[in-house]
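Each chain, written out:
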Amino acid sequence: MEIRESIKNYIQTELVNDKQYSNLSDSDQLIETGIIDSLGIMKLIGFLEDNLSVQIDDTELVPENFSTIDSITSLVENKLA
Amino acid sequence: MDYLLQDLLIESAEKYPEKDAVVFGEEKVSYAELDLLTNKVANVLIGQGIKRGDRVGIYINKSIPSIISVYGILKAGAVYVPLDPQAPPSRISYIIDNCDINCILTSTAKLEAIGHVKEEAKSLEIAIFTDDKKEINEELPLKSVSWQEVLSHDVVHLPESQSINNDLAYIIYTSGSTGTPKGVMISHLNSLTFVNWVVENLKVRSEDRFSSHAPLHFDLSILDIYACAKVGGTLCLVPETLSMFPSRLSSWIESNRISVWYSVPSILSMMVTHGQLDQRDLSNMRLLIFAGEVFPIKYLRQLMQLVPGPEYVNLYGPTETNVVTYYITPSIPETQTKPIPIGKRCENVEVFALTKDGKVVTEPGDEGELVARGTCVAQGYWGDEEKTNKVFINNPVQPNFKDRIYKTGDLVTLDEEGNYLYMGRVDHMIKSRGYRIEIGEIESVLYEHQLIEEVAVIAVPDDLITNRIKAIIALKTGEEISSSDLRMFCSEKLPKYMIPEVIEFRENLPKTSTGKVDKPTLLKESV
């Protein structure tokens, strides 16, 4: 599966708990809306590391990299490039 | 004489009018400004008909307006009820109706949610907005008061207070085993018993810069807000999303020159593993306090090595008593694997453990339920005499006069030095990220789903957050539903920290010989 789709699918099925976000777009804010919280981000990192074979450094664990599906995709793609 | 929580602010405003009282990012408010603003809020509340003892909700994310709301409500002689801004509207409505809240202080960011809350919350009639960021919709089914109206209020002096320290100061709702949350009633005296102890015994002072990490609906917030106000320190509110980014959080601590930190251990553990603490200068830190859950010893040891300066203090106590025991952590040997003790009683609090047959535990190794006695013990649960009478009981060791104690539900034993050690629970309550969670509350919500035949919720032990919640579900024959849809169903009734992280479907659940769901087996299979 394409990286973007795989990330989107994970967030949609595992992290979204609210009906109003049942159809996320790539630019929807994930942090402000609470879709990703402190527990969610640890789950997401586990998913990226286990399923997409990237290692997220502590310095990369910053809001700019996790604010939208777009930004998470860029982070992963840049690391794999 | 400071016998009410708001007196702490009033006195510090006289002593340190120009000093920063609260800082939040670029915003700050001095003690004199905070005192004046909260007088205005109190007068507006009184003008809206709020009387001594009335409950007023606070429905705002942690921010300077949330602190203004706290003191404004107290100064009006009313009782504040913090409402979790992230909780589903149906839970907020339940709390509002349960303790008969007529007025809330809120922000325009919550406009839409307030509309949903009002649909079910019959008693709610007034919303006071603490900002002007969005226009207030004229169709809002409530009487609204804008922040501009509050600021333009010209009566700045408070009417003479009639309150005494036995009056309620706040009500904090915690998870209830029968499906709905219960409101713990805390008086000014209850709270000040703890606050005064902190100031005297942990020696906080006016130069201190306190972090304020816990949300208002979590009673860890009491130490930060009031101990800081009592000594005239500066309260630095931690932006909520920072907890997700440990390295940003550690840099925030550094740049805000925090000297007193207080949080649940899981936040500190995350900073140990991802927070780049070795690259931070945290030399201002004097006191590092934690409570709410057991601190995994390996992370605590690493933290003490990475940040060697401060005194490390473990506080223990349920919301119903605030804090009753404490333990100042000495250095931890590399070989130690068992958790640190919860320690010995705080001054002016009595604690003892009762065995199953009602004897007081005196010998190391003997186990019993910890009970607490003293002015820290809450007034009970709002409007629930039955639950109150179960755990707030007359002291069995002293039957000669009425002497209320609180049964904590926590099993403890003693070590050789007379410290209490936490052993577990007598019931099904669990902790996750410091939050109290009644397994029964989650199960009753899931049982409301029409496709579910059987459900068992278990707590899977976790290194970082104490427990992860897992639900094992058997659906009715031939039915199907996704785990994501079930989580959404839960999110309509439960706060986020109570929604099962993992949902597993099975044909049926294993049973014990007596026909009960075999949770020990399910737990074994999940670890």
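What counts and how
- Residues numbered from 1 in each chain as written.
- Chains lettered and ligands numbered in written order.
- Predicted model: local features only at pLDDT ≥ 70, side-chain atom pairs only at ≥ 80, totals over all residues.
- Heavy atoms only, no water.
- Helix = DSSP H or I, 4+ residues; strand = E, 2+ residues; numbered from the N terminus.
- Rg over C-alpha atoms; globule rule 2.2 N^0.38 Å.
- Buried < 20%, exposed > 50% of the residue type's maximum accessible area, 1.4 Å probe, protein only.
- Contact = heavy atoms within 4.5 Å.
- Areas by Shrake-Rupley, 256 points an atom, 1.4 Å probe, with all protein chains shown as cover.
- Salt bridge = Lys/Arg side-chain N within 4 Å of Asp/Glu carboxyl O.
- UniProt positions renumbered as here; feature names shortened; annotations may be inferred.
- Buried area = accessible area lost by both parts, 1.4 Å probe.
- Polar contact = N/O pair within 3.5 Å; in protein donor to acceptor, adjacent residues only side chain to side chain.
- Domains from an automatic or database assignment.
- Nonpolar A, V, L, I, M, F, W, Y, C, P; charged D, E, K, R; others polar.
- Axes fitted to C-alpha atoms, helices over the stretch in contact; angles between N-to-C directions.
- Parallel < 35°, antiparallel > 145°, perpendicular 65-115°, else oblique.
- Left-handed = near helix turned anticlockwise from the far one by under 90°.
- Disulfide = S-S within 2.5 Å.
- Expected span 1.5 Å × (residues − 1).

By the naming in an unreviewed UniProt entry, chain B is Amino acid adenylation domain-containing protein, taken from Splendidivirga corallicola.

The name given to chain A in an unreviewed UniProt entry is Acyl carrier protein, and the organism recorded there is Splendidivirga corallicola.

Asker: Provide a residue-level description of the overall build of chain B, including the pertinent values.
Answerer: For chain B, the helix and strand inventory stands at 15 helices and 26 strands. Relative to the compact-globule value of 24 Å for 527 residues, chain B shows a C-alpha radius of gyration of 23 Å, a close match. Principal axes of the C-alpha set define a box for chain B whose edges measure 70 × 60 × 55 Å. Out of the 527 residues in chain B, the part that is buried amounts to 61%. Considering only intrachain contacts with a sequence separation of at least 6, the fraction spanning at least 24 residues in chain B is 66%. Summed over its atoms, the accessible surface of chain B is roughly 21,900 Å², and 49% of this surface lies on carbon and sulfur atoms.

Asker: Which residues make up the pattern of salt bridges, and what are the values?
Answerer: Overall, the coordinates contain 29 salt bridges over all chains when judged by the stated rule. A salt bridge links B:Arg248 to A:Glu64; its shortest N-O distance comes to 2.7 Å. With one member in each of two chains, B:Arg248 in helix H9 (residues 246–255) and A:Glu64 in helix H3 (residues 63–66) form a pair that bridges those chains. According to the relative accessible area criterion, B:Arg248 is partly exposed, its value standing at 29%. Linking B:Arg506 and B:Glu504 is a salt bridge whose minimum nitrogen-to-oxygen distance equals 2.7 Å. Put simply, A:Arg4, A:Lys8, A:Asp26 and A:Asp70 are held in one network by salt bridges that share partners.

Asker: Could you give an account of the UniProt feature "domain: AMP-dependent synthetase/ligase" (unreviewed entry) in chain B, with specific residues and numbers?
Answerer: Per the UniProt entry, the sites bearing "domain: AMP-dependent synthetase/ligase" (unreviewed entry) are residues 11–382 of chain B in this numbering. Along residues 11–382 of chain B the backbone is 31% helical and 23% strand, and the end-to-end C-alpha distance reaches 31 Å.

Asker: How would you explain the interface of chain B and chain A if you had to name every residue and give the values?
Answerer: Interface extent is often summarised as the accessible area lost during association of the parts. Tallying the contact residues gives 22 residues for chain B and 26 residues for chain A. Of the roughly 2,200 Å² buried at the junction of chain B and chain A (both faces included), carbon and sulfur atoms supply 56%. Broken down residue by residue, the surface that chain B buries against chain A is led by B:Met244, B:Phe245 and B:Met488, which jointly contribute 28%. For the pair chain B and chain A, the number of links is three salt bridges. Measuring nitrogen to oxygen at the nearest pair gives 4.0 Å for the salt bridge that ties A:Glu14 to B:Arg487. Summed over the shared surface of chain B and chain A, the number is eight residue pairs in polar contact (both at pLDDT 80 or more).

Asker: Lay out the domain arrangement of chain B with the relevant residues and their values.
Answerer: All names here are of chain B. Annotation of chain B at the domain level lists domain 1 (5–201), domain 2 (241–425) and domain 3 (429–526). In this structure, domain 2 and domain 3 have C-alpha centres spaced 27 Å apart. At the junction of the two partners, domain 2 supplies 13 residues and domain 3 supplies ten residues. Counting each side, the surface lost to burial between domain 2 and domain 3 is near 940 Å², with a carbon and sulfur contribution of 47%. At the surface where domain 2 touches domain 3, the tally comes to two salt bridges. Taken together, the links from domain 2 to domain 3 amount to seven residue pairs in polar contact (both at pLDDT 80 or more). Where the side of domain 2 that touches domain 3 is concerned, the elements lending two or more residues are helix H10 (265–274) and helix H11 (297–306). A total of three residues in the side of domain 2 that touches domain 3 trace back to one element, the largest contributor, which is H10. The residue inventory of the side of domain 2 that touches domain 3, partitioned by class, reads five nonpolar, four polar and four charged.

Asker: So what's going on with the packing of helix H1 (residues 5–15) of chain B against helix H2 (residues 31–47) of chain B? Which residues, and what values?
Answerer: All names here are of chain B. Look at H1 against H2: their axes get within 8 Å of each other, and the N-to-C directions meet at 135°. Considering their axes alone, H1 and H2 lie oblique with respect to each other. Where H1 crosses over H2, the two elements pack in a sense that is left-handed. Contact residues: H1 offers Leu-9, Ile-10, Ser-12 and Ala-13, while H2 offers Tyr-31, Ala-32, Leu-34, Asp-35 and Thr-38. Split by residue class, the contact of H1 with H2 holds six nonpolar, two polar and one charged.

Asker: I'd like a description of the UniProt feature "domain: AMP-binding enzyme C-terminal" (unreviewed entry) in chain B, backed by residues and values.
Answerer: On the UniProt side, "domain: AMP-binding enzyme C-terminal" (unreviewed entry) is annotated at positions that read residues 441–516 of chain B here. Helix makes up 21% of residues 441–516 of chain B and strand 34%. Its end C-alpha atoms lie 18 Å apart.

Asker: Help me get a handle on the state of the cysteines, residues and values and all.
Answerer: Residue and element names in this part refer to chain B. Overall, the coordinates contain zero disulfides over all chains when judged by the stated rule. Cysteine Cys-228 shares no disulfide, and the gap to the nearest cysteine sulfur, in Cys-236, comes to 7.9 Å. Among the residues examined, Cys-228 registers a relative accessible area of 1% and is labelled buried.

Asker: Before we move on, can you summarise H2(B) with the specific residues and values?
Answerer: Residue and element names in this part refer to chain B. Under the 1.5 Å per step criterion, the end-to-end length of H2 is 24 Å for 17 residues, consistent within 8% with the ideal 24 Å. With twelve of 17 residues buried, H2 is to be regarded as a mostly interior element. Taken as a whole, H2 has its buried residues at Tyr-31, Leu-34, Asp-35, Leu-37, Thr-38, Asn-39, Lys-40, Val-41, Ala-42, Asn-43, Val-44 and Leu-45. Of the residues trailing H2, Gly-49 is marked for its positive phi of about 95°.

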